Amino acid sequence: MTTLKTINLTHAAELELLNERIRSVLQTDNSLMSNIVMSLLRTRGKQLRPLLLMMCAGLFGQIDDKVLAAAASVELLHNASLIHDDVVDNAMTRRSRPTVNAVWDNHIAVLAGDYFTSSAMQEAISTGDIRIVESLCNLGRRLSLGEIDQIYNAREHTLNVDGYFRIIDYKTASLFVSSAEMGCFAAGAPDEARRTLSEYALLFGRCFQIRDDVFDYYSAEQVGKPTGNDLREGKVTLPLLHALENESLPEHTHVRALLAKDSLSDGEIGFLQAFARDNGGIDYAFDVMHELREKAVAGLKTLPASPIRDELAELFDFIIERQF
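Conventions adopted
- Residues numbered from 1 in each chain as written.
- Predicted model: local features only at pLDDT ≥ 70, side-chain atom pairs only at ≥ 80, totals over all residues.
- Heavy atoms only, no water.
- Helix = DSSP H or I, 4+ residues; strand = E, 2+ residues; numbered from the N terminus.
- Expected span 1.5 Å × (residues − 1).
- Buried < 20%, exposed > 50% of the residue type's maximum accessible area, 1.4 Å probe, protein only.
- Contact = heavy atoms within 4.5 Å.
- Axes fitted to C-alpha atoms, helices over the stretch in contact; angles between N-to-C directions.
- Left-handed = near helix turned anticlockwise from the far one by under 90°.
- Nonpolar A, V, L, I, M, F, W, Y, C, P; charged D, E, K, R; others polar.

Student: A description of helix H15 (residues 266-278) should follow, citing residues and the corresponding values.
Tutor: Along its 13 residues, H15 runs 18 Å from first to last C-alpha, staying within 8% of the 18 Å computed at 1.5 Å per residue. Glu268, Ile269, Leu272, Gln273, Ala274, Phe275 and Ala276 are the residues of H15 that are buried. Of the surrounding secondary structure, the elements contacted by the buried residues of H15 are helix H12 (229-232), helix H13 (238-244), helix H14 (252-259) and helix H16 (281-300). A positive backbone phi angle near 85 degrees is found at glycine 280, which sits one or two residues after H15.

Student: Which residues make up the environment of alanine 109, and what are the values?
Tutor: Take alanine 109: it is sitting in helix H7 (residues 106-126). For the pair formed by alanine 109 and histidine 84, sequence separation is 25 residues and the distance between their alpha carbons is 7.1 Å. Once you skip the residues sitting within four places of it in the chain, alanine 109 turns out to touch Ile83, His84, Val87, Val100 and Asn101.

Student: Account for the environment of glycine 188, with residues named and values stated.
Tutor: Inspection of the secondary structure assignment puts glycine 188 in the loop between helix H9 (161-187) and helix H10 (191-215). Since its relative accessible area comes to 58%, glycine 188 is described here as exposed. C-alpha separation for the pair glycine 188 and phenylalanine 60, spaced 128 residues apart in sequence, amounts to 7.2 Å.

Student: Can you explain the side chain of serine 81? Please cite residues and give values.
Tutor: Checked against the element boundaries, serine 81 lands in helix H5 (residues 65-89). Overall, serine 81 belongs to the buried group, its relative accessible area being 15%.

Student: Pulling in residues and values, what's your account of unusual backbone geometry?
Tutor: Excluding glycine, residues mostly have negative phi values, and the peptide bonds linking residues are mostly trans. A positive phi angle is found at glutamine 47, which is not glycine, with a value near 55 degrees. As for its placement among the helices and strands, glutamine 47 is situated in the loop between helix H3 (31-41) and helix H4 (48-58). For asparagine 90, which is not glycine, the phi torsion reads 55 degrees and is therefore positive. Relative to the elements of secondary structure, asparagine 90 occurs in the loop between H5 and strand S1 (93-94). For asparagine 90, a relative accessible area of 51% translates into the label exposed.

Student: So what's going on with the packing of H4 against H9? Which residues, and what values?
Tutor: The axes of two packed helices give the description: the angle between them and the distance between them. Contact geometry of H4 with H9 gives a least axis separation of 7 Å together with a crossing angle of 35 degrees. Seen from above, H4 lies across H9 with right-handed handedness. Within the contact between the two elements, H4 uses Leu48, Arg49, Leu52, Leu53, Cys56 and Ala57 and H9 uses Leu175, Phe176, Ser179, Ala180, Met182, Gly183, Cys184 and Ala187. For the contact of H4 with H9, a count of residues per class yields eleven nonpolar, two polar and one charged.

Pasting the structure below:
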């Protein structure tokens, strides 16, 4: 049994209350929107963000209505961002199922994303805590800016490690940071503990995205699903960026030329994947993930000992060790 399954079992009651709340919030007599909502709720993901929020809150108090509303708000906004991302990327599947835009078209998908966003705001406001509302609003801004940065970098063929971390901080880590913040606000955690958990969440979010990016550099046969999608979309991530830093490599000039192209063939994508793997890109990415973990766990040790504190460290291990 994986660590995540174990943690989910420990928090099964809270997660069920969360999902009941989300179903209630999204309930509508509009038949089309109701069909979209039911379709999305059937394919929910790992729910790591609301889980993290409730774990952070659980360090300092009970999982009450305020905590559940905050958790629902961040999960709803996360789902809104995924719906909109699928429109931007023209993605036809997510979690092996058709996307909203694939089934109902882009117009309906944008409106569905707006419905989830509005529902997220409604839940944040229901907490009566302006800090939670502000955190959610800032999250929405960061998600939008991260997407814009990613599109710009892909179009301009920007190859920069600092730019890469800026994008993943906005597009991925920001969701975990806001989750930690909102959980602490909802439970009345001390400011110092909130700062510690926000830093943990930032490091966790970076690690989560790096691990996800690493999958893209293996073959489809190894992973069991299509890979190389980031490269197809012009997104150059940490393993390849690191390999490119060695300008003495004989393939360096050719790789740079390929990355300046507006589209790549399957053969060219395979070549870039192999270049990253063969020149230390994957090993480097894992080294970075382990460094992030060490720093995060060191921060957690400043908090009072508890089972949840241990689970937060184990959750980091799960992210690094998860397989295809």
